[in-house]
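Residues per chain, in single letters:
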Amino acid sequence: MKAVLPLDTAADLATAGGKGASLARLAGAGLPVPGGFVVTTEAYRAFTAGFRDEILDAAAAGDAARIAGLFAGRDLPDDLAAAILAGYAELGDGVPVAVRSSATAEDLPDMSFAGQQDTYLNVRGDTLLDAVRRCWASLWNARAIAYRDQNGVPHDEVALAVVVQELVDADAAGIMFTADPVTGARGQTVVNAAWGLGEAVVGGHVTPDTVVVERGRVTRSRTGDKAVMTVRTQDGTRELPVPADLRREPVLDERQAVELAELGARVEELYGTPMDVEWARHDGAFAILQARPITALGQGHEEWNDSLKGDYLWTAGNLGEAIPDVMTPATWSFVRLFIGEAMHASTLPGYDLVGNIGGRFYMNLSIAYSVARAFGLKSRWNALEQVFGKMPAGLDVPLLDASRWELLRRFLPMAVKLRRRVRANLKGMRPFLAASPERADELRARIAAVGSGSELAGLWEREILPYLVTACRMLEAAGRQGGAALVMTRERLRELAGEVDAETMLTGVSADGELASLGLLTGLGRVARGELSREEFARRHGHRGPHEFEISAPRPGEDPAWLDAQLAGLSEPREDAETLLERQRVAADAAWERFARSHPRKVAGMRARVRRWNTVVRDRETARSEVVRAFWVLRAYVLRAGELTGHGDALFFLDRDEIVAVLRGDDAPLAPVPVRRATYERYAALPVYPALIVGRFDPVRWAADPDRRADLYDARGGVPPKDTVTGFPGAPGVVEGVARLIGDPEDGDRLRPGEILVTTLTNVGWTPLFPRAGAVVTDMGAPLSHASIVARELGIPAVVGTGNATMRLRDGDRVRVDGEHGTVEVLT
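Now for a description of the structure that goes with this document. (Residues numbered from 1 in each chain as written. Predicted model: local features only at pLDDT ≥ 70, side-chain atom pairs only at ≥ 80, totals over all residues. Heavy atoms only, no water.)

### Considering the overall build of the protein
Rules: Comment: elements are numbered from the N terminus, with helices defined as DSSP H or I runs of at least four residues and strands as E runs of at least two. Two things to know: the radius of gyration comes from C-alpha atoms, and the globule rule equals 2.2 Å times the number of residues to the power 0.38. Per-residue and other accessible areas were derived by the Shrake-Rupley procedure at a 1.4 Å probe size, with only the shown protein chains allowed to occlude residues. Positive: Lys, Arg. Negative: Asp, Glu. His and the chain ends are not part of the count. For charged residues, the charge sits on one atom: NZ in Lys, CZ in Arg, CG in Asp, CD in Glu.
Along the backbone of the protein there are 28 helices and 26 strands. What you see for the protein is a C-alpha radius of gyration of 29 Å, in line with the 28 Å of a compact globule of 828 residues. Considered along the principal axes of its C-alpha atoms, the protein spans approximately 85 × 65 × 50 Å. Carbon and sulfur atoms make up 50% of the accessible area of the protein, which amounts to about 33200 Å² in all. A distance of 7 Å separates the average location of the 97 positive side-chain charges in the protein from that of its 113 negative side-chain charges.

Next up, the structure:
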């Protein structure tokens, strides 16, 4: 048995696996490959011979955890361990190495299997044996098993070699494609580059530089904002912030980029096909770490999928309810800016707070849960559910792979900065909110009057961008001013007054000023009564709607037909909004009288707390409304940019920096527009994805599954769906009626007065339907979501965040909705 082979020895796929065979081929051709050796598949088979049948049985059952235990409970035989350590000793004394899997079904022309098995960096000494064993075990992790199943690779035919290779102490690293991986264009080498080791690029933790080389020269380059870098440490690797002077500095100059592309051309010539090459640089010299054929080249679509970055819990709740659509690239670019400013306190260096999964907006809840645990606040996880919705029973939330100390070290400095930032912004919040509508009107008028692309680019940088940033920061300040008031006040009131009276006593948010979430509805009523002109309605409320963050979508203020349809709908509600609000005010007064009789000493204090609740809710909703108004300005800006450049709606498929470049005369960013448009249309044609996603998610494969779930996708499996329809008590009351499943508010005319509105989610654009509904039931939502706040103000029974209402209820079912207890029962 040949347990170990030097890396520069000719080796085939069956002996060295895909990666090992590829590296041997590269080294044999004289390419700069770091030295090392391969632990062969024969060694793997010898180690697993005694429990191979147990492995296959567990794989058939999908029990990856059992397989991990089988490997962990066995030591390497002495002869095998000695051979591996002897190979390591030939590299030098205590040389740090990278230990990488090399499966026999890996790095193939039609299937890359990239990332399915494990890699360990900066391994030294006796820890090498454990790293090899863990690499072998990773052939049977849940991802690898699922990937083989999806691609029809029999489990009993695979084996794993392990590549042990000197670790390049890289000052820079990245990935190189010898053909454009999106368009399939030959003759273009696309290089991604970042500081440090390559794991930050491969893992998607950093926005790398992108350099395109054609015919021996750089034809296009973009410098990324490289926030983190992976570096070696004494006991492994870690991510560190990139020094400020390097974040926006290009990693490669033109000479280096061309030199790297020449290495890529040699690799492609060796294999006879376009290649995906991982590279590293140390002291100015490049090394090739691995190479594989580019799979699915020229497929005509990009992949927008941040779920591939790691095993995290993603939620479409909360902000995802406000951004429910598949986003164009321009919208996603602006949304990322919005999140960076409005949710700065929730970010954690090295991790993505938000993600784009199949074009849709998701938040990474693993960050919030991990930070709460690090601060010893696991008991307050319930507070997160009040904002983002309930977690399914039995769901094990994946936490970040970082120690408590590491999380605290990263988070605490931001928390200190946040307090100063919020305190400063609160001073200017109300003046900004008061002046924002007029400022937005002014900017839209100036955008329309601009006569050249360069002039519009200047207006963006000098005035539009600062206005957007300020609006976002005011939303952050408004949301943070109450601390835990929104959650704690509601919980305390429910303890003292009971669930029904507590929810009633929390109404009246509009008593001291209009609640922005209700503005669209009350404004429509005033137009219908002749109290407000159509033009004034458009100015005040025309920026709000069901698709208010998507800048490619027209706003109600631009569409007279939208207003006509909504006014027609107001002719048949059970009761108008003003009647509902007045009835709720009477009910609230009665609830306060009951509270005063039961708790006479607590009335004054509780009224103060509820007034504070109302102020925070009102400020938060007003600030959010002004952010949405800023997005209307962004829409005007991109539309005008399309007019001035002659490229029309193509600019919706560029990011904000690319739009500026086109305005200044550079048409190069337009090249990927056809592919991005096709990608957008592909994702937009799919059903709405699950509210919760755990692990790596394939939207297209999920949509094709007849047994797909709308509440949860968990790549690990194991959490069964609920049989009952239960959720948060959104607003109390018991109503029986016909369930009407509505996919989007444009189909709202199907909802007859008194029927039960059942839908995935609601936002401000759904508000005009509420007075017509006997009750509201949603898949997504929480006590602080739009559906809960508006239903509570109008006194409409609601059950929100059920997770499965649209799966369990059928259109036309007769149901009983209990808004006090959060239940929905099918009667017929």
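So much for the structure itself; the text now carries on.
### Notes on the pattern of salt bridges
Cut-off, in case you're wondering: Each reported salt bridge corresponds to a side-chain nitrogen of Lys or Arg within 4 Å of a carboxyl oxygen of Asp or Glu. Three exposure classes are used, based on accessible area relative to the maximum for each residue type with a 1.4 Å probe and protein chains only: buried under 20%, partly exposed in between, and exposed over 50%.
Counting across every chain of the model gives 54 salt bridges. As a salt-bridge pair, Asp 649 and Arg 677 come within 3.2 Å of each other at their nearest N and O atoms. Remark: Arg 677 occurs in helix H25 (residues 673-684) and Asp 649 occurs in the loop between helix H23 (603-645) and helix H24 (656-663); sequence separation between them is 28 residues. The exposure class assigned to Asp 649 is partly exposed, which follows from its relative accessible area of 41%. When its relative accessible area of 25% is taken as the criterion, Arg 677 is described as partly exposed. It is possible to trace a salt-bridge network through shared partners that takes in Arg 222, Glu 302, Asp 655, Glu 658 and Arg 676.

### Side note on the packing of helix H15 (residues 404-449) against H23
Quick reminder of the rule: Here an axis means a line fitted to C-alpha atoms, over the contact stretch when the element is a helix, while the angle between two N-to-C directions is reported on a 0 to 180 degree scale. An angle counts as roughly parallel when it lies under 35 degrees, as roughly antiparallel when it exceeds 145, as roughly perpendicular when it falls between 65 and 115, and as oblique in every other case. Each crossing gets its handedness from the near helix: less than a right angle anticlockwise from the far helix is left-handed, clockwise is right-handed. Throughout, a residue-residue contact means that at least one pair of heavy atoms, one from each residue, lies within 4.5 Å. As a working rule, the residues Ala, Val, Leu, Ile, Met, Phe, Trp, Tyr, Cys and Pro are called nonpolar, Asp, Glu, Lys and Arg charged, and the rest polar, with Gly in that last group.
Closest axis-to-axis distance for the H15/H23 pair is 10 Å, and the angle between their directions is 15°. Comparing the axis directions of H15 and H23 gives the class roughly parallel. Crossing angle aside, the handedness with which H15 passes H23 is left-handed. In this structure, H15 uses Met 429, Arg 430, Leu 433, Ser 436, Pro 437, Ala 440, Leu 443, Arg 444, Ile 447 and Ala 448 to contact H23, whose residues at the interface are Thr 615, Asp 619, Thr 622, Ala 623, Glu 626, Arg 629, Trp 632, Val 633, Ala 636, Tyr 637 and Arg 640. A per-class count over the contact of H15 with H23 returns 12 nonpolar, three polar and six charged.

### Examining the packing of aromatic side chains
We count it as follows: Only centres within 6.5 Å qualify two rings of Phe, Tyr or Trp (six-membered ring in Trp) as a pair; their planes then separate them into stacked at under 30 degrees, edge-to-face at over 60, and tilted for everything else. In this scheme, Lys NZ or Arg CZ marks a charge over a ring once it lies within 6 Å of the ring centre and within 35 degrees of the ring normal.
Going through the model one piece at a time under the given rule, you end up with 20 aromatic pairs. Judged by centre distance (5.8 Å) and plane angle (80°), the ring pair of Trp 592 and Phe 595 falls under edge-to-face. With Trp 592 and Phe 595 both in helix H22 (residues 577-598) and three residues apart, the pair spans about one turn of that helix. Accessibility classification places Trp 592 together with Phe 595 in one group, the buried group. Taken together, Tyr 44, Phe 47, Phe 51, Phe 71 and Trp 136 form an aromatic cluster joined through their ring pairs. Against the face of Trp 592 rests Arg 607, its NZ or CZ located 4.2 Å from the ring centre.

### Some points on the pairing of strand S10 (residues 228-233)
Our working definition: In short, DSSP must find at least two bridges between two strands for them to pair.
Of all six residues that make up S10, five are buried, and the element is covered over most of its length. Bridge count for S10 against strand S11 (residues 236-241) is six bridges, and the pairing is antiparallel. Across the sheet, the residue bridging to Thr 233 is Gly 236, located in S11. Linkage of S10 to S11, two consecutive antiparallel strands, is achieved through a turn of two residues.

### A short note on the packing of helix H13 (residues 365-374) against H15
Close contact between H13 and H15 brings their axes to 9 Å; oriented N to C, the two are set at 105°. The angle between H13 and H15 falls in the class roughly perpendicular. On the side of H13, the interface is formed by Ser 370, Val 371 and Ala 374, while H15 contributes Arg 404, Leu 407, Leu 408 and Phe 411. A per-class count over the contact of H13 with H15 returns five nonpolar, one polar and one charged.

### Let's talk about the sheet that holds strand S15 (residues 354-357)
Read from one edge to the other, the open sheet built from five strands follows the order S15-S16-S14-S17-S18, with strand pairing classed as mixed. The open sheet is flanked by S15 and strand S18 (712-714), the only strands paired with a single partner. Going across the sheet, the axis of each strand differs from the next one's by a mean of 25°, ignoring polarity. Pairing of strand S17 (residues 692-694) with S18, which is carried by three bridges, proceeds in the parallel orientation. Bridge assignment links Leu 692 to a residue of S18, and that residue is Leu 712. Running over the sheet, H13 touches strand S14 (313-315) and strand S16 (360-364) and is turned about 15° from S16.

### Observations concerning the sheet that holds strand S22 (residues 756-759)
Across the sheet, which stays open at both edges, the eight strands sit in the order S19-S26-S25-S21-S22-S23-S24-S20 with mixed pairing between neighbours. Two strands in the sheet have a free side with no partner beyond their single neighbour: strand S19 (725-726) and strand S20 (728-731). As judged from the four bridges shared by strand S25 (residues 814-818) and strand S26 (residues 823-826), these two strands associate in the antiparallel manner. Residue pairing across strands places Asp 818 opposite Thr 823, the latter belonging to S26. Contacting S20, strand S23 (775-778) and strand S24 (798-800), helix H27 (residues 786-794) runs over the sheet at an angle of about 45° to S20.

### Quick word on the environment of Ala 43
As for its placement among the helices and strands, Ala 43 is situated in helix H2 (residues 41-48). Of the residues examined, Ala 43 reaches a relative accessible area of 0% and is grouped as buried. With 560 residues separating them along the chain, Ala 43 and Val 603 place their C-alpha atoms 76 Å apart. If near-sequence neighbours (up to four positions away) are discounted, Ala 43 is found in contact with Met 1, Ala 3, Leu 80 and Trp 136.

### A closer look at the nonpolar core
Quick note on the threshold: Grouping buried Ala, Val, Leu, Ile, Met, Phe, Trp, Tyr and Cys residues that are joined through side-chain atoms within 4.5 Å yields what is termed a nonpolar core.
By size, the foremost hydrophobic cluster in this structure holds 100 residues, and its most contacted members are Phe 338, Phe 361, Phe 631 and Tyr 637. Residue contributions to this core peak at 12 residues, all from helix H16 (residues 453-480). Filtering out sequence-adjacent residues up to four positions away, Phe 338 remains in contact with Leu 319, Met 343, Cys 472, Leu 475, Phe 549, Val 627 and Phe 631. With 42 residues, the next largest nonpolar core counts Phe 51, Ala 64, Leu 80 and Leu 129 among its residues.

### Digging into the side chain of Ser 102
Stated precisely, the cut-off is as follows: Polar contact is defined as a pair of N or O atoms within 3.5 Å, subject to the rule that within protein one atom must be able to donate a hydrogen and the other to accept it, and that residues adjacent in sequence are counted only when both atoms are side-chain atoms.
Residue position: Ser 102 is located in strand S3 (residues 97-103). With a relative accessible area of 0%, Ser 102 lands in the buried category. Only 3.5 Å separates the side chain of Ser 102 from the backbone nitrogen of Gly 18, close enough to count as a polar contact. From its side chain, Ser 102 meets the backbone nitrogen of Gly 20 in a polar contact 2.7 Å long.

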